[in-house]
Each structure stands twice: as C-alpha cells, then as structure tokens.
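Close look at the chain arrangement
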Amino acid sequence: MRRVVVTGLGLVTPLGGDVETSWKNLIAGKSGAGPITRFDASDQKCQIACEVKPADHEYGFDPNKRVDTKVQRQVDPFIIYGIDAAGQALEDAGLTDMPEEMKLRAGCSIGSGIGGLPGIEKESIVLHERGPSRVSPHFVHGRLINLISGQVSIKYGLMGPNHAVVTACSTGAHSIGDAARMIKDDDADIMLAGGAEGTINPLGVAGFAQARALNTSFNDRPEQASRPYDKDRDGFVMGEGAGVVVLEEYEHAKARGATIYAEVVGYGLSGDAYHVTAPHPDGYGAYRAMEMAFKKAGMTPADIDYVNAHGTSTMADTIELGAVRRLFGDAISTMSMSSTKSAIGHLLGGAGAVEAIFCILAMRDQIVPPTLNLDTPDEGTEGVDLVPHKAKERTVNAVLNNSFGFGGTNASIIMKKLD
Amino acid sequence: MSDTAERVKKIVVEHLGVEADKVTPDASFIDDLGADSLDIVELVMAFEEEFGVEIPDDAAEKIATVGDAIKYIEEHKG
C-alpha cells in the first residue's frame, strides 16, 4: 500500500509570516489578537480579530516575497496567503525546481471556507454605485476558492490533480485528508494540501457576529478573548492566514532523500445531520470522525500523545471534549489536548491545515503548545491536561487533529512520527 | 514626454507591475509587457477613469501598444 508522508511546511498566521516565527511565538504563549485595523469596526459588535500583521511588524507577513505584485492587485487576501504558504512548503521540501515528469505527478488541494468575501463586498458596492461596466475583469477569478490551487499550479507548473475543498472550518483537514487519498490512490506522488482564509472585512465580521458565533464581550481586552474551555468564553475570535503542507508518497520521498516530518496514517469524516451552525449536542459526529481515523490508522487512543482540538472558544468546546472523553476512556489521562485558537484565533478554512502543522512541529520539538486564557476551566474538563497558559515539554510521537464546520461537517486526522 | 504619456505610463506600471523603462510607446501590452486580454480590459477601464474618456470595445480591441493608448486618449479626451 502506498504510504503518505509530510515533507514540507508553510504558514502565514497572525503570529508570523513563516513556519518558524509562528511556532516560536505560539510556544512562547503570545497572542495574535488585537483591535481590528483593516477597517473602522466601531459600529460592529465584535471589534477584535487575529489579523496577519503587516510586513514592518516584528512578526509580520511580506506578500512581496512570493506573490507577484500584479497577482496581489487582482486577488483577495486568502489567495495571497495561500500562494505564499504553498511556496514556503515547496521550498522547505526542496521541490521548487522539479523535472517535468515529476510535475505531471504533483498536484494541489488548497481550499478555503468562504473565499473572497472582502472582494465580493467591495465589488458589489462598485456595481451598485457605478454600474456593471466598472466591475473589474479580475473580479471572478480573484475571489474563487479554487484559485489558490489554480495560481499555485500555474506558478510552479504543477500538472497533477487540481482540487479545492470547501467545507467551512473543516476545509484544511479535509484538504489534507483528500490529498493523502489521491496519493494513496496513485493519482499523484506529490500534493500541496491545505487551506486559507481572509475574511476580516465588515461583512464577514458582521455575519459571524449576527450568527452569535463571535466573541463580543472582550473588545477592550482582545488578547483575553479567545479562551477555549474557560468558563467565561463567549465566542470565537476571527483569525486569518494559511497553512499548506507538501504530502508525498513515502518511497518517492525516501528516494530523493527528503526530510520526512511525519506520516499521515488516519483520516476520518462524518456528517452531524443535525443543525446548520450548532454541533450535535452529544458530539456524535465528532466521535464518529475520530473513530474512523483510528480505524484507518490501525491505532487506539492510547497511542495518541497530543490532540489539537477544534476548540473554538464557544459552547461547542465541551461537546468536543465529551466526545474525546467517550472515545479515549482511560487513555484521556495520558495525553495532552490544547486549542491553539486561543493564540491565533479561528482561521476558519485555514484552521485544520495550520493546526496540522502545529501538530507536526509538536512531534519535531517534543513540546505541545498551550491553551491561553484558561483561567477557570469549565465543568466537564476535569482530568484532562488542556495545557493551560504555558507550552509543555513531553513525549509526542502521535497526534490527532480535529476540525468541525458549519453544516455539520467533521474531519479528524492522525499523524505519527515515522517508525 | 507629454502629460498624457506620463499618466498612461504610471497606470501601466501600477497595473502590470513592470519596470517603468520598459513602458515605451512601441511596447506591446501582450508581447512586451506580459499582459493578457483581461489585463487590457482593466487597463482600458483605468484609462477611462483617469482621463474621463469612453473607450468602446471595438476601439479597445485596436489598442495594442502603449503608443496606441496615448494616441487614442489624446484624440478623444475633452
């Protein structure tokens, strides 16, 4: 059977424009949250977010490194973040200059939950105020979700499968899982896989706030707003950015002497069939996604050292934890589980991929990132190491990453260090 | 260089992300400056905006070089 390993990583997050800066700040317990600077948010219920910082910031992102200025002008931020993260991952894997036959077997599966909402908002105002003849000819392809995969394939000449998942906040996890299956199925030897989001715009923030999903009671204390599992949590903090990994068939990676970070061993998917925004109160969908991932991996919960939770800082946190508790049984006492959304906010379609990369780095460095702001753990969190406040050094050989999205769509991925 | 030429050049540099010294009157948008047909639609919109002229589709199709654009604008601006 063809095995799938990870050989390259790329990140653009509110804590850094690259993998090592983001990870260093995450482990140091920094928060990427602050007042919204992209637009005047004074009339919004939620006035805070985890924005990707500008290039001149201590841990900012410089789009000019990997994205042509012409492309930057034509596309929404999520595409810019995605192109850059994909470029980082290819550079990390040593694959920026592939021979033609390798490019024919290299593809892209980089999705987004929402796509180009800022551009849709802006251009609809142009249409309304100035008429159809002023709408940009780049409007459509600068907003479409599959245009990260499109742009990346054009930039690097990747002629294998070209795919883009759209499953809300499970996008990043499904992207990696689906791409791993394409490699297993022999559709490709190399897949760039991940997700991106960039919806910190008036319509995006207002929409999530009206759905009662966003935090609205910490506008004066943004760094304390994302507090998964804490008694005082009251909604997620929106983040933005991208995470992209290079997935590669194991023998292919070994033959070219690639650095192998981890093996993708389990992938589970399920639907809640319950409600458009709320998870099933028993966490049944989450349970079944995790259960399927374990079955595929041929592993049991006792094998898992670290769980990167979906943990959005909403009421759903304890539902997920309940499902983990039922599935893990006694094994819950030997693992650590944290939500990195406490530091970088919720990257929506990018979350699953960014968090998968944090899981891989936890295995590389044998340290698990903290859950910030966990001052008063809520009822139902007893007996679980939720890694409050500070990163923790520990053995990490296998990890589980959960992602759940609006529409009741669930994905779980299990990765482990190579034997 | 005329005022029109300077302003056209500035728009082309901004929209196509090319070096200013490549934007000569003889430069073809597609062959020399890396534009595609959609970039030309966008450039024409930017010229219309900047100079307050209307460039109909059939006229826009004939604008192949920077010089063609400058000439059309010089002849049609108010």
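Values in this document were obtained by computation on a predicted structure and should not be read as measured data. (Residues numbered from 1 in each chain as written. Chains lettered and ligands numbered in written order. Predicted model: local features only at pLDDT ≥ 70, side-chain atom pairs only at ≥ 80, totals over all residues. Heavy atoms only, no water.)

With respect to the overall build of chain A
Definition in use: Each helix is a run of H or I in the DSSP string that is no shorter than four residues. Each strand is a run of E no shorter than two, and both are numbered from the N terminus. Between the two quantities, the radius of gyration covers C-alpha atoms and the globule rule is 2.2 Å times the number of residues to the power 0.38. Relative accessibility decides the category of a residue: with a 1.4 Å probe and only protein chains considered, values under 20% of the type maximum give buried, values over 50% give exposed, and everything between is partly exposed. We call two residues in contact when some of their heavy atoms are within 4.5 Å. Surface exposure here means Shrake-Rupley accessible area, sampled with a 1.4 Å probe, where a residue is shielded only by the protein chains that are shown. The charged-residue count follows a simple rule in which Lys and Arg add positive charge and Asp and Glu add negative charge, with His and chain termini not counted at all. Each charge is placed at NZ for Lys, CZ for Arg, CG for Asp and CD for Glu.
Summing up its helical and strand segments, chain A has 13 helices and 14 strands in all. Taken against the 2.2 N^0.38 rule, which gives 22 Å for 419 residues, the C-alpha radius of gyration of chain A at 20 Å falls within 12% of a compact globule. Based on the C-alpha atoms only, the size of chain A along its principal axes is roughly 65 × 55 × 40 Å. Expressed as a percentage of the 419 residues in chain A, the buried residues total 62%. Within chain A, counting contacts between residues at least 6 apart in sequence, those at least 24 apart form 78% of the total. Entry remark: accessible area of chain A is about 15300 Å², with carbon and sulfur atoms responsible for 52%. Looking at charge distribution, chain A has the averaged site of its 39 positive side-chain charges lying 1 Å from that of its 52 negative ones.

Re the UniProt feature "modified residue: O-(pantetheine 4'-phosphoryl)serine" (unreviewed entry) in chain B
Residue and element names in this part refer to chain B. Worth spelling out the cut-off: UniProt positions are given in the numbering used here, feature names are shortened, and annotations may be inferred rather than shown by experiment.
Feature annotation in UniProt assigns "modified residue: O-(pantetheine 4'-phosphoryl)serine" (unreviewed entry) to the following positions: Ser-37. Tracing the backbone shows Ser-37 in helix α2 (residues 37-51). With relative accessibility at 52%, the residue Ser-37 sits in the exposed group.

Regarding the UniProt feature "active site" (unreviewed entry) in chain A
Residues and elements named next belong to chain A. The residues that UniProt annotates with the feature "active site" (unreviewed entry) are Cys-169. Within the fold, Cys-169 resides in the loop between β5 (162-163) and α7 (171-184). Dropping the residues within four chain positions of it, Cys-169 is found in contact with His-310, His-346, Leu-348, Gly-349, Ser-403, Phe-404 and Gly-405.

Focus: the sheet that holds strand β7 (residues 241-249) of chain A
Residue and element names in this part refer to chain A. Condition: Strand pairing is assigned whenever DSSP identifies at least 2 bridges connecting the two strands. Fitted lines through C-alpha atoms serve as axes, helices being fitted only where they are in contact, and the angles separating the N-to-C directions of these axes extend from 0 to 180 degrees.
Spatial strand order, β5-β4-β6-β7-β1-β8-β14-β13-β9-β10: 10 strands in an open sheet with mixed pairing. What marks the edges here is a single partner per strand, and that holds for β5 and β10 (336-338). Where strand β1 (residues 4-12) and β7 come together, 8 bridges link them in antiparallel fashion. Counterpart to Val-4 in the pairing with β7 is Glu-249. Contacting β8 (262-271), β13 (398-405) and β14 (409-416), helix α10 (residues 284-297) crosses the sheet at an angle of about 145 degrees to β8.

Focus on the UniProt feature "domain: Ketosynthase family 3 (KS3)" (unreviewed entry) in chain A
UniProt marks residues 1-417 of chain A with the feature "domain: Ketosynthase family 3 (KS3)" (unreviewed entry), using the numbering shown here. Secondary structure content for residues 1-417 of chain A is 32% helix and 18% strand, while the C-alpha to C-alpha distance between its ends is 18 Å.

Observations regarding the packing of helix α1 (residues 3-16) of chain B against helix α4 (residues 66-76) of chain B
Residue and element names in this part refer to chain B. The condition that has to hold: Roughly parallel covers angles under 35 degrees, roughly antiparallel covers those over 145, roughly perpendicular covers 65 to 115, and oblique covers all other angles. Left-handed is the label given to a crossing in which the near helix is rotated counterclockwise from the far helix by less than a right angle, and right-handed is the label when the rotation is clockwise.
Interhelical geometry of α1 versus α4 gives an angle of 130 degrees and a closest axis separation of 10 Å. The orientation of α1 with respect to α4, classified from their angle, is oblique. The chirality of how α1 crosses α4 is right-handed. Every residue of α4 that contacts α1 at Thr-4, Ala-5 and Val-8 is listed here: Val-66, Ile-70, Ile-73 and Glu-74.

Quick look at the pattern of salt bridges
Residue and element names in this part refer to chain A. Short version of the rule: Criterion for a salt bridge: a side-chain nitrogen of Lys or Arg within 4 Å of a carboxyl oxygen of Asp or Glu.
Using the criterion set out here, one finds 32 salt bridges over all chains in the structure. Two residues, Arg-66 and Asp-84, come together in a salt bridge whose shortest N-O distance is 3.1 Å. A residue pair is termed long-range when its members are at least 10 positions apart, and Arg-66 in the loop between β3 (48-49) and α2 (69-74) and Asp-84 in helix α3 (residues 77-93) qualify at 18 residues. Both residues of the pair, Arg-66 and Asp-84, count as buried. Connected through salt bridges with shared partners, the residues Arg-2, Arg-105, Asp-186 and Asp-189 form a single ionic network.

A word on the environment of Gly29(A)
Residues and elements named next belong to chain A. Note on placement: Gly-29 falls in the loop between α1 (19-27) and β2 (34-35). Taking C-alpha positions, Gly-29 is 8.5 Å from Thr-371, a pair spaced 342 residues apart along the chain. With sequence-adjacent residues up to four places away left out, Gly-29 is seen in contact with Pro-370 and Leu-372.

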